[in-house]
Amino acid sequence: MLAVSSGDATAEDARIHPQLWPAADRPLAPSPATEAAVEDLLGRMSLEDKIGQMIQADIDSITPEDLRTYKLGALLAGGNAAPARNPRSGPQAWLELVDRLYRAAMEPSGSHLPIPPLFGIDAVHGHAKVRGATIFPHNVGLGATHDPQLVAAIARATAEEVSATGIDWSFAPTVAVVRDVRWGRSYESYSDDPVLVATYARAFVEGLQGPVRPDGTRGRGAVLASVKHYLGDGGTLDGRDQGDNRAPEGTLLGVHAAGFMPAIQAGDLIVMVSYSSWQGVKMHANRDLLTGVLKDRMSFPGFVVGDWNAHEEVPGCTKLSCPEVIRAGLDMFMAPDSWKAIFRNTLAQARAGEIEPARIDDAVRRILRVKVMAGLFSQPAPAERRDAGNFSLVGSPEHRALARRAVRESLVLLKNERAVLPLSPRSHLLVTGPAADRIDMQAGGWTVDWQGDQNHNVDFPGGTSIFSGIRSAVEAAGGTATLSPDGHFENRPDAAVVVFGEHPYAEYEGDLETLEYDREDQTSLGLLRSLHAQGIPTVAVFLSGRPLWVNRELNVADAFVAAWLPGTAGEGVADVLLGGTDGVPRYDFVGRLSFPWPATGMPVTYDSGDHIRGALFGRGYGLSYAHPARLGRLPEAPRLAPDRGNPDSLFQAAHATAPWSLFVSDATGQVRVTTPDQPSPGGAVRVLLSDAAFTVAWQGGSTGDFWIGGRPADLSAAVARGDVLRVRARVEERPAAAVQIGLRCSSSSQAAATGCGLPRGALLDATAALNALPAHEWRWLTIPLACFSQAPELTRVAAPIALRTDGSLKLSVTDIHLAGAGQHGCGGVGVQK
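A. Fine view of the overall build of the protein chain. A count of helices and strands for the protein chain gives 21 helices and 36 strands. When the backbone C-alpha atoms are referred to their principal axes, the protein chain occupies close to 75 × 75 × 50 Å. Every one of the 833 residues in the protein chain was classed for burial, and the buried ones make up 63%. Relative to all contacts within the protein chain whose residues are 6 or more apart in sequence, the contacts with residues 24 or more apart total 79%. Of the roughly 28,100 Å² of accessible surface on the protein chain, a fraction of 50% belongs to carbon and sulfur atoms.

In structure tokens form, the structure reads like this:
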């Protein structure tokens, strides 16, 4: 076994040695009948049929008419996709859509074989895209329960709700072992402990898929799992989503691969590849790990699917063409909106011999094997399946009771001074804080849509907010509970419950520079301090997708509960916070940290023995009513790294400041920059990253855009102050055509010229300023935000800086930040030394 190490790899460490990885001790062997059926199908398929099986398209980009011509292997409903593009669709609409697409795909069309398509969805914490479904705690909360049987039960309940809508594949479980919780997907991870993740991986797969028969097939009602993301996405540098994991092979194996073998041994037949890289090589193109380790060494019999257009981040590829990933071992493209071009180009590449016939046959053989073993060929259309249409399963009382139990068991008590908890249900309680009556903040990202940040309580029928759960319990016992989001009260309460935390996010939009909670807006801290100063016993209930540095909040709260992202069963919080009328707790706290809690605003670190440094509370910590303890006063300085403390920075110290990211786009599409040399999909512009700066190079001849974007930002206050955007730039090649610079208030590349609600757009002419820069010398470009003061959309700026030109230009940048200048007039783009 390779030793685990916390350091970066040497050149020798960067090599993969498949023979050192564990071989499957109980490989799942398909039956002879399964293999015979697969070979019979494969032998009757045309090359067009085969390529079609290797592609998965999104429902927002394909129609039933398309499927009558293009016989694709799979469909998916991506993060923002929904029937008729209505994200509030109920189970009936989902079943009708799935059935309609399936029937179109199975209609006879020339010589094409009728092969059932798979349909995948992100049912990652319940069937959370479907209105009325049970939404369970996210994985970070389930990790705190340390209960694999509970995880298996949740997976089984999820499968029942998914099956009711005719869907047969869930993009779960996530088995990332997260070592830097600044990562925006940390809440999708169960723990930083590879042992716990491995245990949960097996439990979830067994729960979702049900028992595997001796021949490897499954019974009705089972939903296919797809363990993800292979491999190492929980260990990227600085916790950046889709970034580079630089750990040596021993850590990749001993830590980050821990969940995959147990999942495969439990019967998982689909592995989803990570966007991330290992030692600079994108996982989608890493043949040693996809083929040498996963398929050959681990004897994985199923198929390997890509992530959403992730192939476009592989050097030399675009989202429209990427034979490299097929040659590396990818079996199915996830090409949501690029499926038609991928089909056309992959077919041409296969005909030209750029992809070997044997590799194509291997990919299709694996896809067919999974479909046979999942029983797709013996099942009717989705609407006619045994469990389809049984919508009583969706949000059933049994499932909601299970979710409530999961919430109770996931809560971790970090502090309980003077035995403030449990609260008397007969008392007068003030329930306050920005999240007190916000089911959307309880549910987090990957709920209803991708980010989960456009939802309201009405979108969760059957769901309960934390306030509603507390109110129901205390009113039943003769007490009262008053909701006051800002903490104002007329009658002094006996105690206050303050519910606050992170707003919903998903993937890179949730990346952080530091772990300091609310470093810019300390409204919740002010509320806690106010209640504390008035002598009101105060209970803090913290909603978050990861452990964060909250020393200041811990100091002023009498009790502090880490509630994670509990989902729709808010009453589970009241179950534990409130005692019985006899003063005896109804339920004790049983949750224990599955991640270490940071002592500073920077993440914990792991030494060569995998020992944790920098934790305030270690993994496994958690108080209870039965076992209390006192917590002394904590230091209130976050002790941030020198290059991580500027909230007004967009780019510094050779990296985009989280959650901001670099993007490039052209007429073909857009792509996030995650490699040292990233071209736009059509090649109009590319970004080159170095140790100190980035360089944007426009080729000329077509329009290319560069911007720094992420979660929408509110720049209205900065505009009112007269702030300027300062860009430390150096012209390498002067502009050959007009260059525009400014803001974008849409994530769509087509909105760059007419953004932010201004009729002439939120872009200024920067051509003269760039021509005024001395060649190859660093200067500051200044863009007064007052130039955009009339823009009506300044509260949701998707990109605080964007550049566009259709001519050639090469520009290097080392620093971008907002600075106070009191400049209330628009003087255009300026130059300073």
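Right, picking up where we left off after that structure.
B. Fine view of the sheet that holds strand 9 (residues 281–282). Read across the sheet, three strands follow the order 6-8-9 without closing on themselves; strand pairing throughout is mixed. Pairing within the sheet leaves two strands with one partner each, and these edge strands are strand 6 (244–245) and strand 9. By the bridge criterion, two bridges tie strand 6 to strand 8 (residues 277–278) in an arrangement that is parallel. Bridging across to strand 8, Asp-244 finds its partner in Ser-277.

C. Inspection of the state of the cysteines at higher detail. Here the structure, examined in full by the defined rule, presents two disulfides. Between the sulfur of Cys-317 and that of Cys-322 lies a disulfide, 2.1 Å long from S to S. Classification of the bridge connecting Cys-317 and Cys-322 rests on its S-S torsion, roughly 65°, and on that basis the disulfide is right-handed. Neither Cys-317 nor Cys-322 differs from the other in exposure class; each is buried.

D. Broad picture of the environment of Arg-103. Position of Arg-103 among the secondary structure elements: in helix 4 (residues 91–106). Spatially, the C-alpha atom of Arg-103 lies 9.0 Å from that of Leu-67, the residues being 36 residues apart in sequence. With residues up to four places along the chain from it excluded, the contact list for Arg-103 reads Ala-381 and Glu-384.

E. Main features of empty space enclosed by the protein. On inspection of all chains with the given rule, the structure shows ten cavities of 30 Å³ or more. Size it by volume and the second largest cavity reaches roughly 100 Å³. For the second largest cavity, the lining is made up of 16 residues, of which Val-130, Arg-131, Gly-132, Asp-459 and Phe-460 are closest to its centre. In terms of residue class, the lining of the second largest cavity is built from eight nonpolar, three polar and five charged.

F. Region of the structure containing the nonpolar core. Counting 204 residues, the largest nonpolar core has Trp-21, Trp-169, Tyr-230, Leu-289 and Leu-421 as the members making the most contacts within it. Setting aside chain neighbours within four positions, we find Leu-289 in contact with Ile-16, Trp-21, Tyr-230, Leu-231, Leu-252, Trp-278, Met-283 and Leu-294.

G. Fine view of the packing of aromatic side chains. What the rule picks out here adds up to 21 aromatic pairs. With 5.2 Å between their ring centres and 85° between their planes, Trp-169 and Phe-171 make a pair best called edge-to-face. Like Phe-171, Trp-169 is buried. Taking 5.8 Å as the distance between ring centres and 50° as the angle between the ring planes, the aromatic pair formed by Phe-500 and Tyr-517 counts as tilted.

H. Geometry of helix 4. In a regular helix each residue adds 1.5 Å, so 16 residues correspond to 22 Å; helix 4 covers 23 Å between its end C-alpha atoms and thus fits that length. Those residues of helix 4 that fall on the buried side of the exposure criterion are Pro-91, Trp-94, Leu-95, Leu-97, Val-98, Asp-99, Leu-101, Tyr-102, Ala-104 and Ala-105. Of the surrounding elements, those touching the buried residues of helix 4 are helix 3 (64–69), strand 2 (74–77), strand 3 (118–121) and helix 6 (148–164).

I. Main features of the pattern of salt bridges. Tallied over the entire structure, the rule returns 54 salt bridges. Lys-282 is the salt-bridge partner of Glu-313, the closest N and O atoms lying 2.9 Å from each other. Remark: Lys-282 occurs in strand 9 and Glu-313 occurs in the loop between strand 10 (303–305) and helix 11 (323–328); sequence separation between them is 31 residues. The class of Glu-313 is buried, set by a relative accessible area of 3%. If you follow the salt bridges from partner to partner, you end up with Asp-180, Arg-182, Asp-238, Glu-513, Asp-643 and Arg-644 in one network.

J. Up close: the confidence of the model for the protein chain. Mean pLDDT over the protein chain stands at 94; residues scoring 70 or higher make up 96%. A low-confidence stretch, residues 1–6 stays under pLDDT 50, and its non-local contacts, those more than four residues away or across chains, total 20 contacts. Note that pLDDT drops below 50 for residues 748–754; the model gives that stretch 18 contacts with residues more than four away or on any other chain.

K. View of the sheet that holds strand 16 (residues 538–543). Here six strands make up an open sheet; going across it, the order is 12-17-16-15-13-14 and the pairing mixed. The open sheet has two edge strands with one neighbour each: strand 12 (412–416) and strand 14 (480–484). For this sheet the average axis-to-axis angle between neighbouring strands, irrespective of direction, equals 20°. The strands touched by helix 17 (residues 523–533) are strand 13 (428–432), strand 15 (495–501) and strand 16; relative to strand 15, the strand with the most contacts, the crossing angle is about 170°.

L. Summary view of the packing of helix 6 against helix 14 (residues 397–410). Where helix 6 meets helix 14, the axes come as close as 11 Å, and the angle between the chain directions of the two elements is 150°. The handedness of the crossing between helix 6 and helix 14 is left-handed. Of the residues in helix 14, those touching helix 6 at Leu-150, Ala-153, Ile-154, Ala-157, Glu-160 and Glu-161 are His-399, Leu-402, Arg-405, Ala-406 and Glu-409. A breakdown of the residues in the contact of helix 6 with helix 14 according to their chemical character gives six nonpolar, one polar and four charged.

M. Spotlight on helix 14. Compared with an ideal rise of 1.5 Å per residue, which puts 14 residues at 20 Å, helix 14 spans 20 Å between its outermost C-alpha atoms and is within 8% of the ideal. Of the residues making up helix 14, those classed as buried are His-399, Arg-400, Leu-402, Ala-403, Ala-406, Val-407, Arg-408 and Ser-410. Where helix 14 is buried, its residues touch helix 5 (139–145), helix 6, strand 12, strand 17 (559–564) and helix 19 (571–577).

Conventions used here
Residues numbered from 1 in each chain as written. Predicted model: local features only at pLDDT ≥ 70, side-chain atom pairs only at ≥ 80, totals over all residues. Heavy atoms only, no water. Helix = DSSP H or I, 4+ residues; strand = E, 2+ residues; numbered from the N terminus. Buried < 20%, exposed > 50% of the residue type's maximum accessible area, 1.4 Å probe, protein only. Contact = heavy atoms within 4.5 Å. Areas by Shrake-Rupley, 256 points an atom, 1.4 Å probe, with all protein chains shown as cover. Pairing = 2+ DSSP bridges. Disulfide = S-S within 2.5 Å. 1 Å grid on protein atoms, 1.4 Å probe; cavity = no way out; pocket = protein on both sides within 12 Å on 5 of 7 lines; lining within 4 Å. Points joined across faces, edges and corners; volume = space filled by probe spheres on them. Nonpolar A, V, L, I, M, F, W, Y, C, P; charged D, E, K, R; others polar. Core = buried A, V, L, I, M, F, W, Y, C linked by side-chain atoms within 4.5 Å. Phe/Tyr/Trp six-rings, centres within 6.5 Å; stacked < 30°, edge-to-face > 60°. Expected span 1.5 Å × (residues − 1). Salt bridge = Lys/Arg side-chain N within 4 Å of Asp/Glu carboxyl O. pLDDT = per-residue confidence, 0-100. Axes fitted to C-alpha atoms, helices over the stretch in contact; angles between N-to-C directions. Left-handed = near helix turned anticlockwise from the far one by under 90°.

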